[in-house]
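Structure at a glance
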Amino acid sequence: MLDISDFVGIDANQKKKLLILTFYANYCKPCKRELPFLNTLYRKYKDKGLMIIAVNTDKDKDEIEEVKKFIKENNLEFPVLRDSFNIISRRYSIENFPTMFLIKSDGKIIKVTVGYDDNEAKLENDIINLLKWG
């Protein structure tokens, strides 16, 4: 079982400079555009300190199977957590999908994006700068 604190904060098991935490649901079409792009970023910057965790909120067994299929078809390499009881989603006050948090290594949330921003170059530039100055 994963805990967000495993990746950020003073006691992190895996020191990372930046965590992207994104919340999504299977029915969300913008989410299905965002996740493959995040996977590209993960492949590119994971060795420089980027960690990505996606939190899926689907509950139905058929939806879960669709999520597994999507992960496999898109070769997602970062962890995808199931939040079937919306415990994590409630803690982060998620109301819309996708919702993405950029979290620095000290655990501070530095940016929240609600909805898919197709300005992928801006997100990548933000990541580069944050990893550089960590």
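Before reading on, note that the structure itself is shown above.
My aim in this report is to walk through the structure given alongside it, one point at a time. (Residues numbered from 1 in each chain as written. Predicted model: local features only at pLDDT ≥ 70, side-chain atom pairs only at ≥ 80, totals over all residues. Heavy atoms only, no water.)

**Digging into empty space enclosed by the protein**
For the coordinates displayed, the defined rule picks out one cavity of 30 Å³ or more. Each pocket or cavity is described by its volume, and for the largest cavity that value is around 130 Å³. Taken together, Glu34, Phe37, Leu38, Met100, Lys111, Thr113, Tyr116, Asp117, Asn119, Lys122, Leu123 and Asp126 make up the lining of the largest cavity. A class-by-class count of the residues in the lining of the largest cavity yields five nonpolar, two polar and five charged. (1 Å grid on protein atoms, 1.4 Å probe; cavity = no way out; pocket = protein on both sides within 12 Å on 5 of 7 lines; lining within 4 Å. Points joined across faces, edges and corners; volume = space filled by probe spheres on them. Nonpolar A, V, L, I, M, F, W, Y, C, P; charged D, E, K, R; others polar.)

**A closer look at the environment of Met100**
Summarising the element assignment, Met100 is placed in strand 4 (residues 99-104). Residues Met100 and Tyr24, spaced 76 residues apart in sequence, show a C-alpha to C-alpha distance of 9.0 Å. (Helix = DSSP H or I, 4+ residues; strand = E, 2+ residues; numbered from the N terminus.)

**A few points about the packing of aromatic side chains**
If you walk through the whole model with that rule in mind, you get five aromatic pairs. Arranged with centres 6.3 Å apart and planes meeting at 85°, the rings of Tyr27 and Phe97 form a pair that is edge-to-face. With Tyr27 in the loop between strand 1 (18-24) and helix 1 (29-45) and Phe97 in the loop between helix 3 (87-91) and strand 4, this pair connects stretches of sequence that are 70 residues apart. With relative accessibility at 61%, the residue Tyr27 sits in the exposed group. Taking 5.0 Å as the distance between ring centres and 65° as the angle between the ring planes, the aromatic pair formed by Tyr92 and Phe101 counts as edge-to-face. (Phe/Tyr/Trp six-rings, centres within 6.5 Å; stacked < 30°, edge-to-face > 60°. Buried < 20%, exposed > 50% of the residue type's maximum accessible area, 1.4 Å probe, protein only.)

**Here we look at the state of the cysteines**
Applying the stated criterion to the full structure yields one disulfide. Residue Cys28 pairs covalently with Cys31 via a disulfide, S to S 2.3 Å. Looking down the S-S bond of the Cys28 and Cys31 bridge, the torsion is 80°, so its handedness is right-handed. For the pair Cys28 and Cys31, one class covers both residues: buried. (Disulfide = S-S within 2.5 Å.)

**Focus on the pairing of strand 1**
With seven of seven residues buried, strand 1 lies mostly within the body of the structure. For the crossover from strand 1 across helix 1 to strand 2 (residues 50-56), the handedness is right-handed. Examined bridge by bridge, strand 1 and strand 4 share six bridges and lie antiparallel to one another. Note that in strand 4 the partner of Leu21 across the bridge is Phe101. (Right-handed = clockwise from strand over helix to strand, strands pointing away. Pairing = 2+ DSSP bridges.)

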